[in-house]
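Here is what each chain is made of, one letter per residue.
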Amino acid sequence: MTHQTVGHPARPGLPDDPRANVTEPTPSCPVEITLDALRGRWTTLVIRELLQGERTFTALREALPALSDKVLSDRLAHLTEVGVLDRHRRPGWPPRTHYGLTPHGRRLGPVLQALWDWGAQQ
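Residues numbered from 1 in each chain as written. Predicted model: local features only at pLDDT ≥ 70, side-chain atom pairs only at ≥ 80, totals over all residues. Heavy atoms only, no water.

**A few points about the overall build of the protein chain**
Then, in step 1: Secondary structure summary: the protein chain contains six helices and five strands in total.
Then, in step 2: Shown N-terminal to C-terminal, the secondary structure of the protein chain runs as helices and strands in the order β-β-α-α-β-α-α-β-β-α-α.
Then, in step 3: Restricting the contact set of the protein chain to residue pairs at least 6 apart, pairs at least 24 apart contribute 41%.
Then, in step 4: Accessible surface, the protein chain: about 8,700 Å² in total, of which carbon and sulfur atoms supply 57%. (Helix = DSSP H or I, 4+ residues; strand = E, 2+ residues; numbered from the N terminus. Contact = heavy atoms within 4.5 Å. Areas by Shrake-Rupley, 256 points an atom, 1.4 Å probe, with all protein chains shown as cover.)

**Observations concerning the pairing of strand E5 (residues 96-101)**
Then, in step 1: The buried fraction of E5 amounts to five of the six residues, a majority that puts the element mostly inside the structure.
Then, in step 2: With two bridges joining them, strand E3 (residues 55-56) and E5 adopt antiparallel strand pairing. Bridge pairing links arginine 55 to tyrosine 99 in E5.
Then, in step 3: Taken together, the six bridges between strand E4 (residues 85-90) and E5 define a ladder with antiparallel strand orientation. Bridged to leucine 85 within E5 is leucine 101.
Then, in step 4: In this antiparallel pair of consecutive strands, E4 and E5, the connection spans five residues, and glycine 92 shows a positive phi of 125°. (Buried < 20%, exposed > 50% of the residue type's maximum accessible area, 1.4 Å probe, protein only. Pairing = 2+ DSSP bridges.)

**Comments concerning helix H6 (residues 108-120)**
Then, in step 1: The terminal C-alpha atoms of H6 lie 18 Å apart, and with 13 residues this matches the ideal 18 Å at 1.5 Å per residue to within 8%.
Then, in step 2: Every buried residue of H6 is listed here: Leu108, Gly109 and Leu112. Buried residues of H6, viewed axially, fall in a sector of 110°; they line one side. Opposite the packed face of H6, turned more than 90 degrees from it, sit the exposed residues Pro110 and Trp118.
Then, in step 3: The inward-facing, buried residues of H6 abut helix H1 (30-37), helix H2 (43-51) and helix H5 (103-106). (Expected span 1.5 Å × (residues − 1). Arc of directions from axis to C-beta.)

**Comments concerning the nonpolar core**
Then, in step 1: The biggest cluster of nonpolar side chains holds 18 residues, and the ones touching the most others in it are Val46, Ile47, Leu50, Leu72, Leu76, Val84 and Leu85.
Then, in step 2: Secondary structure elements with two or more residues in this core: H2, helix H3 (57-63), helix H4 (69-81), E5 and H6.
Then, in step 3: In this structure leucine 85 touches Leu50, Leu76, Leu79, Thr80, Tyr99, Gly100, Leu101 and Thr102, once residues within four positions along its chain are discounted. (Core = buried A, V, L, I, M, F, W, Y, C linked by side-chain atoms within 4.5 Å.)

**Remarks on H2**
Then, in step 1: What H2 keeps buried is the set Thr43, Val46, Ile47, Glu49 and Leu50. Down the axis of H2, the buried set is contained in an arc of 160°. They therefore lie on one face.
Then, in step 2: Among the residues trailing H2, glycine 53 stands out with phi positive, at a value near 140°.

Next up, the structure:
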């Protein structure tokens, strides 16, 4: 997607969207919405784990052993709140809570790949 005005060449990377013509960050900006969803240390790694499939809290804790339970709980709550994750409590004893990416959350896969690719070039 490019932004093109009469007499000016297309500007790669700049969206052709009226919301892009702002002079300060706004909560409705799609870039700000994405950055907010990805905020906080460990968030991208939690998403990376869930891109591989649904996981329980325990499985996520085992996959990311340096991540504290509190931070993991905070990240899961935030990602659920912003619509990236679904949380499903399964019956049984003990009850198990499973986390999985929503369709919207799965669309973050290419975003994380693009961030990796850009950072790998530094």
